[in-house]
Each structure stands twice: as C-alpha cells, then as structure tokens.
Amino acid sequence: AQKVTQAQTEISVVEKEDVTLDCVYETRDTTYYLFWYKQPPSGELVFLIRRNSFDEQNEISGRYSWNFQKSTSSFNFTITASQVVDSAVYFCALSEMGSGNTGKLIFGQGTTLQVKP
Amino acid sequence: DGGITQSPKYLFRKEGQNVTLSCEQNLNHDAMYWYRQDPGQGLRLIYYSQIVNDFQKGDIAEGYSVSREKKESFPLTVTSAQKNPTAFYLCASSIDRGRGTDTQYFGPGTRLTVL
C-alpha cells in the first residue's frame, strides 16, 4: 500500500533558525512523483515542488531546499533562515502511478510549522 | 487571471439538507479533484474526473455526488447521507488526464459546517 508519513506534527522555531520537515513514503511503484505543498492560515494549498523518482538531485529554491533519497524513501524539506511568513502547515504527497494512473495524491498528515519572531 | 475558484468560502447547512459546493477553473485543465480535510489531518480524495462527462469515486465517496458537464466546472454535492460532513473541502485540477505526472493546483477551499 502507498503511504506518506510526516512524523513531526508540530515544530516551533525562532526566526532565522533553519528547520527541516521530514517526509517518508512507501510505494511499490518504480515510477512515482513526490510533492510538497504549503497551507497558510487562509487554507489554500500552495504548490512548492514536484520531484520524479528518477531524479535524486537535491533542489534549492531561495531559502527552500529538498533532499530526496530513494535509499531511505525520504523526501525532506529544509527552510533556511526561517521567517514568520513561513508559518503554515506543510504537506508531503505521493502520486499514485499504478494501474489506472488516476493521478490521485496520497497526503501525509501534515507538519505545522510555527516561526516565532 | 487563471486559477481555480471555489464558492462559497463558508457554508452552513442544517442536518438533512443537501448542499452543493462550486468549483470552477479557467486553466484549461482536463482533470479535476475533490478532497476533504479534517482538523489535524491530511487530505482525502472524494471524487475525481479525468475528462468531461466521466468521473470516478475516490476513497471516501459515500454521501457525496458530482457532475462534470463542462470542462471548467466540477460541482460537489454533499447529501444528507453523509454522516459527518463538517470539514474543509478543497478542489484541485491538473493539466493532464490524471496520469500522475502533473501537478495538481488547488482552489481556496470551502469550509462547510453542519448545524
């Protein structure tokens, strides 16, 4: 069965600290996609990144970086020099690429990040 | 501007009433999805549609119904059969027909409360 686990329910940091959000996934597919979304207090999910299973290169976008390791089935997200505006719920998700190819996303439970000034 | 709109933002319903949530997109996307989010939980798929006039049940379809008569519209009806409908409902769309390769983009959501 496909599953995404975000073991950290809540994280609280002080502004300018670095913070890493963990994501561990399970899948039998050899081809799959992983995603991170941000959900600010307004509620809308904002897309951050998509990574396919054949691309293990780390990705950096400004203060955001992602570490994908197939060997440990992890896709962790790091925010460098956190800011108050980073406070949100962050979701990791896995696409279902098995028979049917529905495009269905399997979401983790989410990690609530609070950045204090 | 291109995007996904959901209305209303807040919705209150009495027990026993059906209610319809609107989702419209002008991104020319083929696939559309409805998710439900409960407090402290991730999103769960209710229904999805990969093409006009076709839709499939997701993981928690009981008590819900949808239609896809137009490419840009995918309304969700929460029926009286849904035992615990109070939740946050999110609509999403993606450019492809749900092959799993493309990114899903989300609307702002509708918060439904049953009184």
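See the structure shown above.
Our subject in this report is the structure included herewith. Every chain begins its residue count from 1, and numbering advances along the sequence as written. Going through the entries in the order they are written, you letter the chains from A and number the ligands from 1. Where local features are concerned, this predicted model is filtered to residues with pLDDT of at least 70; where side-chain atom pairs are given and counted, the filter is 80 or more; whole-chain, interface and lining totals use all residues. Water and hydrogen atoms play no part in the side-chain values, which are based on all heavy atoms of the structure.

## Some remarks on a nonpolar patch on the surface
Turning to step 1, where the next piece is worked out: Think of a patch as exposed residues, more than 30% relative accessible area, with no salt bridge, where like charges cluster within 9 Å and nonpolar side chains (Val, Leu, Ile, Met, Phe, Trp, Tyr) cluster within 5 Å. With residues, only the protein chains shown are counted as cover, and all accessible areas are computed by Shrake-Rupley using a 1.4 Å probe. We define a salt bridge as a side-chain nitrogen of Lys or Arg found within 4 Å of a carboxyl oxygen belonging to Asp or Glu. A cluster of nonpolar residues, Y10(B), F12(B) and L115(B), forms a patch on the protein surface that exposes about 390 Å² of accessible area.
Turning to step 2, where the next piece is worked out: Secondary structure elements are defined from DSSP: runs of H or I of at least 4 residues count as helices, runs of E of at least 2 residues count as strands, and each element is numbered from the N terminus. Within the fold, L115(B) resides in the segment after β11 (110-114).

## Some remarks on the side chain of R68(B)
All names here are of chain B.
Turning to step 1, where the next piece is worked out: On the secondary structure map, R68 appears in the loop between β7 (64-66) and β8 (76-78).
Turning to step 2, where the next piece is worked out: The charged side chain of R68 is buried without a salt bridge, its nearest counter-charge being D30 at 6.1 Å.
Turning to step 3, where the next piece is worked out: Here a polar contact means two N or O atoms within 3.5 Å. Within protein one must be a hydrogen donor candidate and the other an acceptor candidate, and residues neighboring in sequence count only if both atoms are side-chain atoms. At a separation of 2.8 Å, a polar atom in the side chain of R68 contacts the side chain of S49. Residue exposure (1.4 Å probe, protein chains only): buried if accessible area is under 20% of the type maximum, exposed if over 50%, otherwise partly exposed. When charges are counted, neither His nor the chain ends are considered; positive counts come from Lys and Arg and negative counts from Asp and Glu.

## A closer look at the nonpolar core
Turning to step 1, where the next piece is worked out: Think of a nonpolar core as a cluster: buried Ala, Val, Leu, Ile, Met, Phe, Trp, Tyr and Cys residues, connected wherever their side-chain atoms sit within 4.5 Å. Grouped together as the largest cluster of nonpolar side chains are 25 residues, with contacts concentrated most on W36(A), W66(A), F77(A), Y90(A) and L113(A).
Turning to step 2, where the next piece is worked out: Secondary structure elements with two or more residues in this core: β2 (10-14), β3 (19-21), β5 (33-39), β6 (46-52), β8 (64-69), β9 (74-79), β10 (88-95) and β12 (111-116) of chain A.
Turning to step 3, where the next piece is worked out: Sorting elements by how many residues they give to this core places β10(A) first, with 4 residues.
Turning to step 4, where the next piece is worked out: The criterion used for residue contact is that any of the two residues' heavy atoms lie within 4.5 Å. Beyond its immediate stretch of four places on either side in the chain, F77(A) contacts V19(A), T20(A), L21(A), W36(A), L48(A), Y64(A), S65(A), W66(A) and Y90(A).
Turning to step 5, where the next piece is worked out: Core analysis: the second largest hydrophobic core is formed by 20 residues, V19(B), I60(B), Y64(B) and V78(B) among them.

## Here we look at the interface of chain B and chain A
Turning to step 1, where the next piece is worked out: The partner chain A presents 22 residues to the 25 residues of chain B that form the contact.
Turning to step 2, where the next piece is worked out: Our count for the chain B to chain A interface comes out at 2 salt bridges.
Turning to step 3, where the next piece is worked out: Between D102(B) and R50(A) there is a salt bridge; the shortest N-O distance is 3.9 Å.
Turning to step 4, where the next piece is worked out: Seen at the junction of chain B and chain A, the total is 3 residue pairs in polar contact (both at pLDDT 80 or more).
Turning to step 5, where the next piece is worked out: Elements represented by at least two residues in the side of chain B that touches chain A include exactly β4 (31-37), β5 (43-51), β9 (87-94) and β10 (105-106) of chain B.
Turning to step 6, where the next piece is worked out: A per-element tally of the side of chain B that touches chain A places β5(B) first, with 4 residues.

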